[in-house]
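Analysis of the macromolecular model
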Amino acid sequence: MSFRILSLDGGGIRGVVAATMLAAIEQRINQPLNEYFDLIAGTSTGSILAGAIAIGRSSQEIVDLYKQRSSIIFPYRSLFSPKRLPLLLKYGLSAPKFSDSGLIQVLQAVFGDVRLLDINKPRLLIVSYDTISRGAIIFKSWRQNPDYGNLPLWEACVCSAAAPTYFPAHKLDRKISGVTENATANSITLEQGASAVEDIYNNTQISIHSGVGKGQVRKIKKYIGFSRRALLDSPWERIPEENSSYLIKATYSSIDGGVAANNPSSCAVAEALRLGYKVEDISVLSIGTGELTRIIPFEKAQGLGLIEWAAPLISVLLDASSGVYEYITDKMIHDRVLRLQFKLDRGLTGKPLSDDIDDVSPENINNLIEAAEVYMQQSSVEAALQNFLHIHQ
């Protein structure tokens, strides 16, 4: 039984490149993408694309979304814009370039009240990264995670698209449940599966939900990861016993999933295998948002310091991540993966293509769309796509 995966990279406004490619593909298969693919995976701007496709939006609608609403997400170009003053007052000189209010506004308008678990087919996978646990967050539409439940689709996409230096991290409520292993008047030892990360639950609230001590609520003032022991801000009135259940109200500090997997194809393949599909039945259409060509010469790179590296480092990390996961996916499923990607240079149209994720000027957006259209009309691309679609009908 075939299992078709659509994988969508991150890249900010360059998501319009992927949307334009998808519009061409949608015409070729003559059916909605959410009916053709079994799993759609997206990171950052790719998560927005993936979510929109999953709820039935056409690719052309998504292209129009980028053209019409991107200036709400990225309302200015200069770090010295007067519109940035509230962020500087709130966060100081290290403030992110943009507020996330525009991003949230646009995503809430696109997705409305749809929640992650409302999406039955295709399966939807979204990648984010938690700065507290220092690990990837993989949102899945087919499996409820007790930590965050059935969150709104717009919020999963905000978590995935909160690019460092551009947007603030997104705070996502998290609930961690377990069974008490041991307790004293001023502490509680969490079950074996609890995190071993030092201080990860500091300043979080813990409540006893069943068993001895039910109804009590305390604050964890210090968490000792090695022993999974939480020290409390005040003593228990009734010391919980073994097998008393607890609930910890913690948070995720979510940032752009691109720092984990800007190309989520390997994550999607891993999930397909976990769902029981055979390697030989899995196919992947992996779509990028343009390959960076702006060089950072050695003479410049060797002299960049902490501040100067901030912005270019993000693009370097995301670009490198995409290449690595492309390699992994290719090695896993070989000829059943098609990667659509072109260089962000003048080679296709003779016009400049910005690799900045926030260049929402009409000229740049139109140039990106035109380049993607020309790319999809190349005989080599048409042949590769026809062969891929034929093989995996």
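To start, this report covers the structure provided alongside it. (Residues numbered from 1 in each chain as written. Predicted model: local features only at pLDDT ≥ 70, side-chain atom pairs only at ≥ 80, totals over all residues. Heavy atoms only, no water.)

Looking at the overall build of the protein chain
- The helix and strand tally for the protein chain stands at 13 helices and 13 strands.
- Long-range pairs, those at least 24 residues apart, make up 75% of the contacts in the protein chain with a sequence separation of at least 6. (Helix = DSSP H or I, 4+ residues; strand = E, 2+ residues; numbered from the N terminus. Contact = heavy atoms within 4.5 Å.)

Describing the environment of Lys 249
- Among the secondary structure elements, Lys 249 is positioned in strand E11 (residues 245–256).
- A C-alpha to C-alpha distance of 6.0 Å links Lys 249 and Thr 204, two positions 45 residues apart in sequence.
- When near neighbours in sequence (up to four residues on either side) are disregarded, Lys 249 contacts Arg 174, Thr 204 and Gln 205.

A look at unusual backbone geometry
- In this model, Lys 121 is joined to Pro 122 through a cis peptide bond whose omega is 0 degrees.
- In this fold, Pro 122 is placed in the loop between helix H6 (101–111) and strand E3 (123–130).
- Positive phi, close to 55 degrees, is recorded for Asn 30, a residue that is not glycine.
- Residue placement: Asn 30 occurs in the loop between helix H1 (15–29) and helix H2 (33–36).
- Located in the positive-phi region is Thr 165, a residue other than glycine, with phi close to 80 degrees.
- Summarising the element assignment, Thr 165 is placed in the loop between helix H7 (153–161) and strand E5 (170–179).

What about empty space enclosed by the protein?
- Inspection of the entire model under this criterion finds one cavity of 30 Å³ or more.
- Counted as a void, the largest cavity has a volume near 250 Å³.
- Looking at the lining of the largest cavity, the elements with two or more residues in it are helix H3 (45–54), helix H4 (59–73) and H6.
- Split by residue class, the lining of the largest cavity holds 15 nonpolar, five polar and two charged. (1 Å grid on protein atoms, 1.4 Å probe; cavity = no way out; pocket = protein on both sides within 12 Å on 5 of 7 lines; lining within 4 Å. Points joined across faces, edges and corners; volume = space filled by probe spheres on them. Nonpolar A, V, L, I, M, F, W, Y, C, P; charged D, E, K, R; others polar.)

Quick word on the nonpolar core
- Of all hydrophobic cores here, the largest spans 80 residues; its most connected members are Ile 25, Phe 139, Ile 287 and Leu 340.
- Take this core: its biggest share by element is nine residues, from H1.
- Contact partners of Leu 340, with chain neighbours within four places excluded, come to Met 21, Ile 25, Leu 285, Ser 286, Ile 287, Gly 288, Tyr 375, Met 376 and Val 381. (Core = buried A, V, L, I, M, F, W, Y, C linked by side-chain atoms within 4.5 Å. Buried < 20%, exposed > 50% of the residue type's maximum accessible area, 1.4 Å probe, protein only.)

Observations concerning the layout of surface pockets
- As a volume, the second largest pocket reaches approximately 300 Å³.
- Forming the boundary of the second largest pocket are 16 residues, of which Thr 20, Ala 23, Ala 24, Gln 60 and Glu 373 lie nearest the centre.
- Broken down by secondary-structure element, the contributors of at least two residues to the lining of the second largest pocket are H1, H4 and helix H12 (362–376).
- In terms of residue count, H1 provides more of the lining of the second largest pocket than any other element does, six residues in total.
- Its residues placed into classes, the lining of the second largest pocket shows six nonpolar, six polar and four charged.

A word on the pattern of salt bridges
- A complete count under the given rule lists 13 salt bridges for this structure.
- The closest approach of N and O atoms between Arg 77 and Asp 356, which form a salt bridge, is 3.1 Å. One end of the pair, Arg 77, is in the loop between H4 and helix H5 (85–91); the other, Asp 356, is in the loop between strand E13 (337–340) and H12, and 279 residues separate them in sequence.
- A salt bridge links Lys 140 to Glu 271, with the nearest nitrogen and oxygen atoms 2.9 Å apart. Taken together, the residues Lys 140 in strand E4 (residues 135–140) and Glu 271 in helix H9 (residues 265–274) connect sequence positions 131 residues apart. Comparing Lys 140 with Glu 271, the two get one shared label, buried.
- What you see here is one network of salt bridges that share partners, running through Arg 77, Asp 356 and Asp 359. (Salt bridge = Lys/Arg side-chain N within 4 Å of Asp/Glu carboxyl O.)

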